[in-house]
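# Observations on the three-dimensional arrangement
Next come the chains, spelled out residue by residue.
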Amino acid sequence: MTLPARALSEIEKANPEGLSSRQILDIFSRHDQRLSEATLRKYVQLGLLPRSRRVGQKGKHRGSRGIYPVEVVRRVSEIRKAMENGETLESLASAAQAVRAKLSLVKVAVQESVEAAERELANSEVDRKSRAQLRAELKQLAKDAKDWSRSMEKWTGSVQQARDARKKAANGKRGR
């Protein structure tokens, strides 16, 4: 069983900064779907989901916590759907799901890099004209990275469709 598309969209809109593992488990629990911490860790180990990134907690001696990109909820749902359709974790780990997990990491890294560059620019002693030009260049770079990421996701989907079609054809031949 997978989460409804509408619920996934709402979760992604409500949590653009990411989710802790506890929040992810709670989301699935609220939708009457069991997901354990061990299963989540297994998906990460297999490369099906991106690793969490450490985010410092505000306050003295609060440490940090792991935050996953919000796309993890959608990926878990996709993994479950694929498994319902007969895929194994091992086949998924060597397929498009692993590429998508890596893309999630790239998206987070790009976002963090752009934010760091914006802070650097804000704190730099450059004239107004140069600052405006650099800000425009950074905005274009962020857009280019987002476009590239979308193109890679589309390509990955095409690979998955071709793989599914071949698998379906092979199953059809066996059934004769």
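The shown structure was predicted, so the numbers you read here are calculated from the model rather than taken from an experiment.

Calculation criteria
Residues numbered from 1 in each chain as written. Predicted model: local features only at pLDDT ≥ 70, side-chain atom pairs only at ≥ 80, totals over all residues. Heavy atoms only, no water. Buried < 20%, exposed > 50% of the residue type's maximum accessible area, 1.4 Å probe, protein only. Helix = DSSP H or I, 4+ residues; strand = E, 2+ residues; numbered from the N terminus. Arc of directions from axis to C-beta. Contact = heavy atoms within 4.5 Å. 1 Å grid on protein atoms, 1.4 Å probe; cavity = no way out; pocket = protein on both sides within 12 Å on 5 of 7 lines; lining within 4 Å. Points joined across faces, edges and corners; volume = space filled by probe spheres on them. Nonpolar A, V, L, I, M, F, W, Y, C, P; charged D, E, K, R; others polar.

Within helix H1 (residues 5–14), burial applies to Ala7, Leu8 and Ile11. Mapping the buried residues of H1 onto a view down its axis gives an arc of 100°, with all of them on the same face. The exposed set on the far side of H1, more than 90 degrees from its buried face, consists of Ala5, Arg6 and Lys13. Against the buried residues of H1 lie helix H2 (21–30) and helix H4 (71–84).

Note on placement: leucine 48 falls in the loop between helix H3 (37–45) and strand E1 (53–56). Sequence spacing of leucine 48 and lysine 102 is 54 residues, and the spatial spacing of their C-alpha atoms is 8.3 Å.

With a phi close to 55°, aspartate 32 is a non-glycine residue in the positive phi region. Inspection of the secondary structure puts aspartate 32 in the loop between H2 and H3. Take aspartate 32: its relative accessible area is 71%, and that puts it in the exposed class.

There is about 850 Å³ of room inside the largest pocket. Taken together, 34 residues form the lining of the largest pocket, with Lys107, Val108, Val110, Gln111 and Lys146 sitting closest to its centre. For the lining of the largest pocket, the secondary structure elements donating two or more residues are E1, helix H6 (96–123) and helix H7 (128–174). Along the lines of polarity and charge, the residues of the lining of the largest pocket split into 15 nonpolar, four polar and 15 charged.

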